[in-house]
Protein chains: 2
Amino acid sequence: PRPGSTCAAVSKHHFHKQMAPVKVFGPAASTNVARVLVCLEEVGAEYELVDIDFPGKGHKRPEHLARNPFGQVPAFQDGDLILFESRAIAKYVLRKYKSEQVDLLRESNLEEAAMVDIWTEVEIHQYHPALSPIVLECFIYPTLRGLPTNQRIVDESLVKAKKVLEIYEAHLSKHKYLAGDFVSFADLNHFACTFYLMDATPYASLFNSYPHVKAWWEDLMSRPSMKKLGAGMTTRV
Amino acid sequence: PRPGSTCAAVSKHHFHKQMAPVKVFGPAASTNVARVLVCLEEVGAEYELVDIDFPGKGHKRPEHLARNPFGQVPAFQDGDLILFESRAIAKYVLRKYKSEQVDLLRESNLEEAAMVDIWTEVEIHQYHPALSPIVLECFIYPTLRGLPTNQRIVDESLVKAKKVLEIYEAHLSKHKYLAGDFVSFADLNHFACTFYLMDATPYASLFNSYPHVKAWWEDLMSRPSMKKLGAGMTTRV
């Protein structure tokens, strides 16, 4: 092996890793893409957003299937590393750019990490299934697909949402954030769905009956990451 | 502060932490409970299984709601710490008992951890939604609820399952396990649903068209953890 060529390879590699910002593939308005963006904003990482043409089925084209064989967004690139699945990408970002100031997974603390994981799972299995149908029926389907709102689904979801929010209210009356008295990935995961609920449906007042949930949400929305992304996602003229 | 009393308190605490095995609350036959048990078996931890009387609505009683306000199983206890959500519990177990020999999350390696996370998410969003309805319709509903199998749902799920398994086949032809050439949490998460598919439905031959998937599953089922738990879950006389 010639030392010169090895050295050049290392330099090139270094240049590549240090200089090229990471790339996120997908439309910023997608809730799963927003999950990754809010993490990148929180850690202050430089990134490039590469749009995927959804109406043109860009997510089903070979170059995107090479990133994610299931043909979904977001995908992510960091040098030669390609990732998919928004929660996996988000955790990669939070680990890579972790600092003493910004540690949103708390993986070095057994109990804190478990609390982050619990409330990340609660968002997936309880919060999202109850609240996202309201966003779909009142905003996404009418706007993107020209479909009418199915009010029966909205009403059923509101009943479920209230049960979930009662449990959140009890929990947030004891802890400032979901995993404890620190902001974590578990809180951030609520951003996009809740933002659209508040911004684009007639149910922005839903949280009024849950003062601790409302205060928690307002606290989150005061964060620079969410203000910035929310401004780009807003549905209001 | 009296040194004597502090010392006694520390000893008691130590005794408590060292001697009391962790507790898992829930029926072992539940797929979400099995997710936790397989991790406990893999790391070789001592544990106590505390049954929750499902037909008697034990999961909705106050003592269980104090463990999990959403009234689901499993819940978990380690000393004074109470956890819920099976994936959060499983990760706690894998972190707590991590060793050089058994590291199923690989959180200290950015790329490996991302691969574990990606395929953990793929199990949640692709594999489970396609394959679990077959288990529900062919085994769980007829056995536990006396309901007939809805063959239309089974047939639709088989179509979805084949699309997912094609992607698994391509992936497992390049890597021995889902996250790479090492067993991880991502593989373990496939255990209970796949076990019931193979053991309790007419579709055990489904994997025959996917030789790498079949070899991967047989390799997993040769592990002592899965052999032991499978023996307790078997539906065959």
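Residues numbered from 1 in each chain as written. Chains lettered and ligands numbered in written order. Predicted model: local features only at pLDDT ≥ 70, side-chain atom pairs only at ≥ 80, totals over all residues. Heavy atoms only, no water.

A. Fine view of the overall build of chain A. Across its full length, chain A carries ten helices and four strands. Along chain A, from the amino end to the carboxyl end, the secondary structure elements read α-β-α-β-α-β-β-α-α-α-α-α-α-α. When its C-alpha atoms are laid out on the principal axes, chain A stretches across 70 × 45 × 30 Å. Residues counted as buried form 51% of the 237 residues belonging to chain A. For chain A, the share of sequence-separated contacts (at least 6 apart) that also reach a separation of at least 24 residues comes to 65%. (Helix = DSSP H or I, 4+ residues; strand = E, 2+ residues; numbered from the N terminus. Buried < 20%, exposed > 50% of the residue type's maximum accessible area, 1.4 Å probe, protein only. Contact = heavy atoms within 4.5 Å.)

B. How the structure looks around the packing of helix H6 (residues 151–172) of chain A against helix H9 (residues 211–221) of chain A. All names here are of chain A. Viewed as axis vectors pointing N to C, H6 and H9 meet at an angle of 75 degrees, and their least axial separation amounts to 7 Å. Considered as vectors, H6 and H9 are oriented roughly perpendicular to each other. The residues of H9 that touch H6, namely those facing Leu-165, Tyr-168, Glu-169 and Leu-172, are Pro-211, His-212, Val-213 and Trp-216. Partitioned by chemical class, the residues of the contact of H6 with H9 number six nonpolar, one polar and one charged. (Axes fitted to C-alpha atoms, helices over the stretch in contact; angles between N-to-C directions. Parallel < 35°, antiparallel > 145°, perpendicular 65-115°, else oblique. Nonpolar A, V, L, I, M, F, W, Y, C, P; charged D, E, K, R; others polar.)

C. Broad picture of the sheet that holds strand S2 (residues 47–50) of chain B. Residue and element names in this part refer to chain B. If you trace the four strands from one edge of the open sheet to the other, you get S2-S1-S3-S4, paired in mixed fashion. Two strands bound the open sheet, and with one partner strand each, they are S2 and strand S4 (81–84). The mean inter-strand angle of the sheet, taken between neighbouring strand axes irrespective of direction, is 20 degrees. Bridging between strand S3 (residues 75–78) and S4 involves four bridges; their strand directions are antiparallel. Bridging from a neighbouring strand, Asp-78 pairs with Leu-81 of S4. (Pairing = 2+ DSSP bridges.)

D. View of the side chain of B:Asp187. Residue and element names in this part refer to chain B. Mapped onto the elements of the fold, Asp-187 is located in helix H7 (residues 185–188). Buried Asp-187, no salt bridge; nearest opposite-charge side chain is Arg-223, N-O distance 7.7 Å. Side chain to side chain, Asp-187 and Trp-216 meet in a polar contact 2.9 Å long. If sequence neighbours within four positions are ignored, Asp-187 has contacts with Tyr-177, Leu-178, Phe-182, Trp-216 and Leu-220. (Lys, Arg positive; Asp, Glu negative; His and termini not counted. Salt bridge = Lys/Arg side-chain N within 4 Å of Asp/Glu carboxyl O. Polar contact = N/O pair within 3.5 Å; in protein donor to acceptor, adjacent residues only side chain to side chain.)

E. Spatial organisation of the relation of the copies chain A and chain B. In screw terms, the move from chain A to chain B is a rotation of 180 degrees and a rise of 0.0 Å along the axis, fitting with an RMSD of 0.0 Å. In symmetry terms, the pair is related by a two-fold rotation axis. Residue A:Glu107, judged by its C-alpha, is the member of chain A lying nearest the rotation axis, at 4.1 Å. Most of the interface of chain A is mirrored in chain B, where 100% of its interface residues are also at the interface. (Least-squares fit on C-alpha atoms with pLDDT ≥ 70 in both.)

F. Inspection of the UniProt feature "domain: GST N-terminal" (unreviewed entry) in chain A at higher detail. According to UniProt, the "domain: GST N-terminal" (unreviewed entry) feature falls on residues 20–101 of chain A. Secondary structure content for residues 20–101 of chain A is 34% helix and 20% strand, while the C-alpha to C-alpha distance between its ends is 24 Å. (UniProt positions renumbered as here; feature names shortened; annotations may be inferred.)

G. Representation of the pattern of salt bridges. All names here are of chain A. Taken as a whole and assessed by the stated rule, the structure comprises 22 salt bridges over all chains. For Arg-223, the salt bridge goes to Glu-42, with nearest N and O atoms at 2.8 Å. Highlighted residues: Arg-223 in the loop between H9 and helix H10 (224–233) and Glu-42 in helix H2 (residues 31–43), separated in sequence by 181 residues. Relative accessible area serves as the criterion here: at 22%, Arg-223 is assigned to the partly exposed category. Given the relative accessible area of 13%, Glu-42 is considered buried. Measuring nitrogen to oxygen at the nearest pair gives 3.7 Å for the salt bridge that ties Glu-218 to Lys-214. Of this pair, Glu-218 and Lys-214 both sit in helix H9, four residues apart, which is roughly one turn of that helix. Taking the relative accessible area as the measure of exposure, Lys-214 reaches 30% and is therefore partly exposed.

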